[in-house]
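# Structure at a glance
Below, each chain spelled out in residue letters.
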There are 2 protein chains.
Amino acid sequence: MKLFSYNTMSESLKLESTAKCFGGSQNVYSHESTELKCNMKFAVFVPPQHAEDAVPVVYWLSGLTCTEQNFITKAGAQQHAALHGLLIVCPDTSPRDCKIEGEDADYDFGTGAGFYVDATAEPWKTNYRMYSYVTQELPVLIAANFNIIPGKTGIMGHSMGGHGALVCALKKTGQYQSVSAFAPICHPSVSPWGIKAFKGYLGPNEDTWQEYDACALVKKYSGPPLQILIDQGTEDNFYTQKQLLPEDLVRASQESRGVSVVLRMQQEYDHSYYFIATFIASHLEHHAKYLKA
Amino acid sequence: MKLFSYNTMSESLKLESTAKCFGGSQNVYSHESTELKCNMKFAVFVPPQHAEDAVPVVYWLSGLTCTEQNFITKAGAQQHAALHGLLIVCPDTSPRDCKIEGEDADYDFGTGAGFYVDATAEPWKTNYRMYSYVTQELPVLIAANFNIIPGKTGIMGHSMGGHGALVCALKKTGQYQSVSAFAPICHPSVSPWGIKAFKGYLGPNEDTWQEYDACALVKKYSGPPLQILIDQGTEDNFYTQKQLLPEDLVRASQESRGVSVVLRMQQEYDHSYYFIATFIASHLEHHAKYLKA
């Protein structure tokens, strides 16, 4: 039964591009975000099954410096999403063009580096609300414009976006039935990227940082059981530089009542999209297992 | 039996980057080209089988504005090359930084637009020798540095690179055992891109253009039987603008003694890498059928 079509799409969404891909379509939309107070783009892979039936949705959160384009261009995910009938939503990684002084100064803070938190510190707190954007504003938009199955939602990501996926799944208990990550930042309150971001967006009080630290969140998790799949390359520079610390999450999860973590160390792989492309099939299989159960 | 390793690699090749990918590696090299008289980059996907055995090689020729990066980043070919045990070589699309006046003026002539011909007109003829580079210099380099099976070579490409693949296979009779193309320029001597390129590189005498026109070459082909696989999207702007003219090649092949063309019109697909990614599996299967026979 076809419930939605592009003709009935909300007027607030503008179709920026569309391309037929593996029997479905790879689209990019723009809209005025109320959370972020700027114009934002996001990508949606619409699987072929969506023409006939409601489908589960999986969110992909990208890493530092990325836009909505990186994953859809480089990961080769569409073939597997088409196979399993999953809608894939890829938001941008930060607000854009907010005219905040210093927003473009660094690759690891500001533009392209929203870290999926709701900022509380000036001058960021007005726009840098990526946590609420990803977990509230975007899901409402997707539900209004696509034929998706309520209660069948997964989340995944890479590096900074892996951190985002973990945090969203651990904080919004019950909202995500499946979660996985590639080379995620697992313990941001003690790693250089995380410390810089949290100090800037949340201020110097380290207690507040725990609200967005997967290792802290996993210990106090009290939602439905969650199995987290993580792939980590052994030749990933950021792993060896201790930006990622996946072993800390495995250790923390042993104190958790509901969360288990499967950490697969992938020999010789690095931090690139070649690593993601190699293992994306098994991640989407992991999501399909929970979302199509 | 392992015959070659990176340790024994010719000193003339410089490894620019390497990433583990689908059990093999995606590498980029640079070298000083004698044909093109400039420094050139090319990409090689080394399949996992190469560690133990000699493997067939397939050349990929990219389209206008591309470098050695586009195919390796966007096509999702490595998984299929790893499955079939094919080495994939992706040259750049033109000489670079040759300091020729006007080389960077247009997207469809000069830099990024070598058209896989050996130029005969000034000021291009010294550097713009992509036909000899692809069919002679590069194969010698590949044979010297990788463990490949002699006489098992395929060639494929997209758009301008599809034209290049057709021309190389039809002119160098016997050198390529398999050939395929995505949305190739099939009749360049009568289409706008081709006319501009041929006039610039080969001069105004249209008789000389026939040397690099697939429709002309197919009629006088006298080599071993060749089955050409072509995919063409129906929503490809360049198809509807008559830049590509695949039907002309099908018609011309009916006058050929040795060449047959299978043209698959793919409904709703465009000219992008989403189209290529969707059908790359069946193209590499086509090459494997001939190269592993």
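For the structure itself, consult the block above.
Residues numbered from 1 in each chain as written. Chains lettered and ligands numbered in written order. Predicted model: local features only at pLDDT ≥ 70, side-chain atom pairs only at ≥ 80, totals over all residues. Heavy atoms only, no water.

### Description of helix 5 (residues 192-202) of chain B
Residue and element names in this part refer to chain B. Buried within helix 5 are the following residues: W193, G194, A197, F198, G200, Y201 and L202. Angular distribution of buried residues about the axis of helix 5 spans 170 degrees; they occupy a single face of the element. Where helix 5 is buried, its residues touch helix 4 (160-171), helix 6 (206-209) and helix 8 (237-240). Positive phi shows up at G203, right after helix 5, with a value of about 90 degrees. (Buried < 20%, exposed > 50% of the residue type's maximum accessible area, 1.4 Å probe, protein only. Helix = DSSP H or I, 4+ residues; strand = E, 2+ residues; numbered from the N terminus. Arc of directions from axis to C-beta. Contact = heavy atoms within 4.5 Å.)

### Observations concerning the interface of chain B and chain A
On the side of chain A, 22 residues touch chain B, which itself brings 22 residues to the contact. When chain B packs against chain A, the two sides together hide about 1700 Å² of surface, and 56% of this comes from carbon and sulfur. Of all residues in chain B, K20, F22 and Y274 of chain B bury the most surface against chain A, accounting for 40% of the area lost on that side. Scanning the region where chain B abuts chain A turns up two salt bridges. Measuring nitrogen to oxygen at the nearest pair gives 3.4 Å for the salt bridge that ties E268 of chain B to K20 of chain A. Among the residues making up the side of chain B that touches chain A, the classes are represented as eight nonpolar, 10 polar and four charged. (Buried area = accessible area lost by both parts, 1.4 Å probe. Salt bridge = Lys/Arg side-chain N within 4 Å of Asp/Glu carboxyl O. Nonpolar A, V, L, I, M, F, W, Y, C, P; charged D, E, K, R; others polar.)

### Side note on the side chain of N70 of chain A
All names here are of chain A. With respect to the secondary-structure elements, N70 resides in helix 1 (residues 69-74). Taking relative accessible area as the criterion, N70 reaches 17% and is therefore assigned buried. Polar contacts involving the side chain of N70 include one to the main-chain amide nitrogen of T67, which spans 2.9 Å. Once residues within four sequence positions are removed from consideration, N70 is found in contact with A75 and Y273. (Polar contact = N/O pair within 3.5 Å; in protein donor to acceptor, adjacent residues only side chain to side chain.)

### As for the sheet that holds strand 2 (residues 24-33) of chain B
The strand order across the open sheet formed by nine strands is 1-2-3-5-4-6-7-8-9 (chain B), and the pairing between neighbours is mixed. The open sheet has two free edges, formed respectively by strand 1 (14-21) and strand 9 (259-266) of chain B, since each of these has just one partner strand. Taking each pair of neighbouring strands and ignoring which way they run, the sheet shows an average axis angle of 20 degrees. Two elements, strand 6 (residues 148-158) of chain B and strand 7 (residues 178-182) of chain B, share five bridges in a ladder whose sense is parallel. Looking at the pairing, M156 of chain B lines up with S180 of chain B of strand 7 of chain B. On top of the sheet, helix 10 (residues 273-291) of chain A reaches strand 1 and strand 2 of chain B; it is set at about 25 degrees to strand 1 of chain B, its chief contact. Against the sheet, helix 3 (residues 130-145) of chain B contacts strand 2, strand 3 (38-46), strand 4 (55-61), strand 5 (87-91) and strand 6 of chain B, and its axis sits at roughly 55 degrees relative to strand 3 of chain B. (Pairing = 2+ DSSP bridges. Axes fitted to C-alpha atoms, helices over the stretch in contact; angles between N-to-C directions.)

### Observations regarding the layout of surface pockets
Left-over empty space is what a probe sized like a water molecule reveals as it rolls over the atoms. In this structure, the largest pocket occupies an estimated 580 Å³ of space. Looking at the lining of the largest pocket, the element that brings in the most residues is helix 10 of chain A, giving five residues. (1 Å grid on protein atoms, 1.4 Å probe; cavity = no way out; pocket = protein on both sides within 12 Å on 5 of 7 lines; lining within 4 Å. Points joined across faces, edges and corners; volume = space filled by probe spheres on them.)

### Notes on the environment of W209 of chain A
Residues and elements named next belong to chain A. Assignment of secondary structure puts W209 in helix 6 (residues 206-209). Overall, the relative accessible area of 1% leaves W209 in the buried class. For W209 and F146, which are 63 residues apart along the polypeptide, the C-alpha to C-alpha distance reads 35 Å. Sequence-distant contacts of W209, defined by excluding residues within four places in its chain, comprise S189, I195, F198, K199, L202, G203 and P204.

### Structural notes on the sheet that holds strand 4 (residues 55-61) of chain A
By way of backbone hydrogen bonds, the strands of a sheet pair with one another, either parallel or antiparallel. Residues and elements named next belong to chain A. With respect to topology, nine strands assemble into an open sheet ordered 1-2-3-5-4-6-7-8-9, the strand pairing being mixed. One side of each edge strand has no neighbouring strand; the edge strands of this open sheet are strand 1 (14-21) and strand 9 (259-266). Taken pair by pair, the neighbouring strands of this sheet meet at an average axis angle of 20 degrees, ignoring direction. With four bridges connecting them, strand 7 (residues 178-182) and strand 8 (residues 226-233) associate as parallel partners. Bridge pairing in strand 8 links A181 to I230. Those strands touched by helix 3 (residues 130-145) are strand 2 (24-33), strand 3 (38-46), strand 4, strand 5 (87-91) and strand 6 (148-158), and its axis lies near 55 degrees from that of strand 3.

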